[in-house]
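# Coordinate inspection notes
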Amino acid sequence: MKKITYAQAICEALDEEMERDDKVVILGEDVGFIGGNFKTSVGLLEKYGDLRVKDTPISEAGFVGMSVGMALTGLRPVVELMFSDFLLVAADQVINQAAKIRYMSGGQATVPMVIRTPIGAGRSSAAQHSQSMQAMIAHFPGLKVALPSTAQEAKGLLKTAIRDNNPVLFFEHKMEYNRTYEIDDEVAPIPFGKANVVREGKDVTVVATSSLVMKSQEAAEKLEKEGISVEVIDLRTLVPLDIETILASVKKTGKLIVADEAHEMCGVG
């Protein structure tokens with residue numbers, strides 16, 4: 001076991017996957033020279049060079065569209081959008097291109113790309129830099145959606161995302177980047193579509209995403225002292241969704257609470 005930050009876990013996953021597969025490339029605003037806005041790619045430019053770690057202009061539509069083309073022609077791009085709000089700038093490239101090309105080609109073409117982007121409030125980043133876009137993105141067929149909670153989850157799920165032959169939206173909570181976690185020395189890929197029961201209980205089920213998994217655990221510990229037993233499930237991925245684990249838990253507890261930071265209307269809940 002070792003202690004590292006959430007951001008370092010992301011960087012380790014990128015490094016290990018780039019070393020394993022020379023088709024993996026990363027690109028985005030400031031991912032190279034300064035090692036990422038949230039320091040998730042520190043040292044990768046020096047190790048792999050600027051053909052595989054590419055700083056881009058401030059044009060999300062441009063470099064996300066370019067990444068779709070890169071994926072179609074054999075590479076595995078990992079794109080960083082500085083904030084998830086900026087997905088709207090590249091909406092056509094994500095929703096009408098990356099999400100649909102495999103279907104439109106009858107499976108002849110795949111788009112193995114990952115878009116990493118932060119979600120969540122808490123840093124006083126204002127209304128255009130604090131949204132959580134996971135529910136909106138999950139509405140569109142063809143896109144997989146992952147929301148890692150801890151550093152261990154972030155590293156394992158990112159490895160899975162990079163190896164997937166479909167486009168994956170990988171949402172990281174900006175308040176977690178500097179938080180330190182204890183993780184395994186070697187972290188294997190974590191399968192998509194398999195939720196994690198992080199705390200067993202019998203009175204109520206809480207299904208949580210991202211940083212709200214840890215907050216739900218804290219609440220469960222306080223409620224335990226009041227005689228209320230809370231089962232906490234880390235959803236891990238919205239697409240694919242592990243309905244079976246949720247149903248099994250709710251059949252046991254009879255009550256369900258959903259904890260997610262995205263918009264309530266047509267949201268995860």
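Here the structure is shown first, and the text comes after it.
All values reported here derive from a predicted model rather than from experimental measurement.

Ranked by size, the top nonpolar core spans 46 residues in total, and within it Leu 14, Leu 44, Val 114, Leu 158 and Phe 170 carry the most contacts. For this core, the leading source of residues is helix α1 (residues 6–20), giving eight residues. Counting 34 residues, the second largest nonpolar core, distinct from the first, contains Leu 27, Val 79, Met 113 and Ile 233.

This part covers the packing of helix α3 (residues 60–72) against helix α4 (residues 91–98). Close contact between α3 and α4 brings their axes to 8 Å; oriented N to C, the two are set at 25 degrees. Relative to α4, α3 is oriented roughly parallel. Between α3 and α4, the residues in contact are Ala 61, Val 64, Gly 65 and Val 68 and Gln 93, Val 94 and Ala 98, respectively. Each residue belonging to the contact of α3 with α4 can be placed in one class, and the counts come to five nonpolar, two polar and no charged.

What follows deals with the layout of surface pockets. Reported here for the largest pocket is a volume of approximately 220 Å³. Leu 235, Leu 238, Leu 241, Val 268 and Gly 269 are, among the 14 residues lining the largest pocket, the residues nearest its centre. Taken together, the elements giving at least two residues each to the lining of the largest pocket come down to α6 (134–138) and β13 (256–259). Here the residues of the lining of the largest pocket are counted per class, giving eleven nonpolar, three polar and no charged.

So, about the pairing of strand β7 (residues 168–173). Regular strands place their side chains on alternate faces of the sheet. Among the six residues in β7, six count as buried, and that is most of the element. The alternating pattern of β7 places Val 168, Phe 170 and Glu 172 and Leu 169, Phe 171 and His 173 on opposite faces, both of which are buried. One ladder, built from six bridges, connects strand β5 (residues 114–119) with β7; its direction is parallel. For Pro 118, the partnering residue across the bridge sits in β7 and is Glu 172. Looking at chain direction, strand β6 (residues 144–146) and β7 are connected through three bridges and run parallel. Among the inter-strand pairings, Lys 144 is bridged to a residue of β7, identified as Val 168. Crossover handedness for the path β6 to helix α7 (residues 151–163) to β7: right-handed.

Here seven strands make up an open sheet; going across it, the order is β3-β2-β4-β5-β7-β6-β12 and the pairing mixed. Both outer strands of the open sheet, β3 (53–55) and β12 (237–239), are each paired with one neighbouring strand and no more. Strand-to-strand, the axes of this sheet are offset by a mean angle of 20 degrees, without reference to chain direction. Both strand β4 (residues 76–80) and β5 contribute to a ladder of three bridges, which runs parallel. Paired with Glu 80 across the strands is Arg 116, a residue of β5.

Ring pairs (aromatic) are described by centroid distance and by the angle formed between their planes. Under the counting rule described, the total for this entry stands at four aromatic pairs. Ring geometry for Phe 38 and Phe 83: centres 6.0 Å apart, planes at 85 degrees, overall edge-to-face. Taken together, the positions of Phe 38 in the loop between β2 (24–28) and α2 (44–48) and Phe 83 in the loop between β4 and α4 put the pair 45 residues apart, joining distant regions of the chain. Their ring planes at 80 degrees and their centres at 5.7 Å tell us that Phe 83 and Phe 86 sit as a pair that is edge-to-face. Following the ring pairs from residue to residue traces out a cluster consisting of Tyr 6, Phe 38, Phe 83, Phe 86 and Tyr 177.

Before going further, it helps to examine a nonpolar patch on the surface. A cluster of nonpolar residues, Leu 241, Ile 243 and Leu 247, forms a patch on the protein surface that exposes about 260 Å² of accessible area. Its location among the elements puts Ile 243 in helix α9 (residues 243–253). The exposure class of Ile 243 is partly exposed, given its relative accessible area of 43%.

Our next topic: α7. Taking 1.5 Å as the rise per residue, α7 with 13 residues should run 18 Å; its terminal C-alpha atoms sit 19 Å apart, in good agreement. Of the residues making up α7, those classed as buried are Ala 151, Glu 153, Ala 154, Lys 155, Gly 156, Leu 157, Leu 158, Lys 159, Thr 160, Ala 161 and Ile 162.

Mapped onto the fold, Cys 11 is located in helix α1. Distance in space between the C-alpha atoms of Cys 11 and Asn 96 is 29 Å, their sequence separation being 85 residues. Sequence-distant contacts of Cys 11, that is, excluding residues within four places in its chain, are made with Thr 40, Ser 41, Val 42 and Leu 44.

Mapped onto the elements, Gln 131 comes out in the loop between β5 and α6. Expressed as a C-alpha distance, the spacing of Gln 131 and His 263, which sit 132 residues apart in the sequence, is 8.5 Å. Side-chain polar atoms of Gln 131 contact the side chain of Asp 85, separated by 2.8 Å.

What counts, and at which threshold
- Residues numbered from 1 in each chain as written.
- Predicted model: local features only at pLDDT ≥ 70, side-chain atom pairs only at ≥ 80, totals over all residues.
- Heavy atoms only, no water.
- Core = buried A, V, L, I, M, F, W, Y, C linked by side-chain atoms within 4.5 Å.
- Buried < 20%, exposed > 50% of the residue type's maximum accessible area, 1.4 Å probe, protein only.
- Helix = DSSP H or I, 4+ residues; strand = E, 2+ residues; numbered from the N terminus.
- Axes fitted to C-alpha atoms, helices over the stretch in contact; angles between N-to-C directions.
- Parallel < 35°, antiparallel > 145°, perpendicular 65-115°, else oblique.
- Contact = heavy atoms within 4.5 Å.
- Nonpolar A, V, L, I, M, F, W, Y, C, P; charged D, E, K, R; others polar.
- 1 Å grid on protein atoms, 1.4 Å probe; cavity = no way out; pocket = protein on both sides within 12 Å on 5 of 7 lines; lining within 4 Å.
- Points joined across faces, edges and corners; volume = space filled by probe spheres on them.
- Pairing = 2+ DSSP bridges.
- Right-handed = clockwise from strand over helix to strand, strands pointing away.
- Phe/Tyr/Trp six-rings, centres within 6.5 Å; stacked < 30°, edge-to-face > 60°.
- Patch = residues over 30% accessible without salt bridge, like charges linked within 9 Å, V, L, I, M, F, W, Y side chains within 5 Å.
- Areas by Shrake-Rupley, 256 points an atom, 1.4 Å probe, with all protein chains shown as cover.
- Salt bridge = Lys/Arg side-chain N within 4 Å of Asp/Glu carboxyl O.
- Expected span 1.5 Å × (residues − 1).
- Polar contact = N/O pair within 3.5 Å; in protein donor to acceptor, adjacent residues only side chain to side chain.

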